[in-house]
Amino acid sequence: MPNSHEQAPRPNLQVAARVEELLREQLEELGVNPRKLAPEDIAANMHCHLAPNGSMTYLWKGEPMLYVTPEKLVDENGEGSVLWRMFTKDDLAEDNEAGSYDSFLMDAADCVCEDDDPEPDVK
């Protein structure tokens, strides 16, 4: 978890493009054609839970399908960078002996969903 003065890493455009590609693949594996989904169907069924450390868990109809987590790296010169690790449900199911899939589900349950934020009062 980042310190109070340290912000969680934010993904760049390349990370966002890869996440979108993986989400499309995961939907297709579920038999859903993402090209035929109406925006309101996506909004109703796709949710992203954000953790304080910057990791994201994407859920389709309440089922986790993609976990994205930042890994901060520091090279020999002290320069920092972020490596974004992405795990699909299938990736984690293969590694379930180590408990990875269980922690994936726990991370999803413990994250605060951006949709859970209270709406501001409109006057």
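Treat the numbers as computed from the prediction; the structure is a model and nothing was measured. (Residues numbered from 1 in each chain as written. Predicted model: local features only at pLDDT ≥ 70, side-chain atom pairs only at ≥ 80, totals over all residues. Heavy atoms only, no water.)

**Student:** Tell me about the pattern of salt bridges, residues and numbers included.
**Tutor:** Applying the stated rule across the entire model yields five salt bridges. For Glu20, the salt bridge goes to Arg24, with nearest N and O atoms at 2.8 Å. Linking Glu20 with Arg24, this pair stays in helix H1 (residues 13–29), spanning four residues, or about one helical turn. The residue Lys89 makes a salt bridge to Glu63 at a minimum N-O spacing of 3.9 Å. Residue Lys89 is located in helix H3 (residues 89–94), and its partner Glu63 is located in strand E3 (residues 63–74); the two are separated by 26 residues in the primary sequence. (Salt bridge = Lys/Arg side-chain N within 4 Å of Asp/Glu carboxyl O. Helix = DSSP H or I, 4+ residues; strand = E, 2+ residues; numbered from the N terminus.)

**Student:** So what's going on with unusual backbone geometry? Residues and values would help.
**Tutor:** Its identity is not glycine, yet Lys61 carries a phi of approximately 55°, on the positive side. Mapping Lys61 onto the fold places it in the loop between strand E2 (56–60) and E3.

**Student:** Account for H1, with residues named and values stated.
**Tutor:** An α-helical segment advances 3.6 residues per turn. Residues three or four places apart therefore align on the same side. When the terminal C-alpha atoms of H1 are compared, their 24 Å separation across 17 residues agrees well with the 24 Å that a helix rising 1.5 Å per residue should span. Considered for burial, the residues of H1 that qualify are Val15, Val19, Leu22, Leu23, Gln26 and Leu27. What you see down the axis of H1 is that its buried residues fit within an arc of 140°, all on one side. Those residues of H1 that are exposed and aimed more than 90 degrees away from the buried face are Leu13 and Gln14. For H1, the side-chain oxygen to backbone nitrogen distance between the N-cap and Gln14 is 3.1 Å, and the N-cap itself is Asn12. The positive-phi residue at the C-terminal boundary of H1 is Gly31, with phi of around 85°. (Expected span 1.5 Å × (residues − 1). Buried < 20%, exposed > 50% of the residue type's maximum accessible area, 1.4 Å probe, protein only. Arc of directions from axis to C-beta. Polar contact = N/O pair within 3.5 Å; in protein donor to acceptor, adjacent residues only side chain to side chain.)

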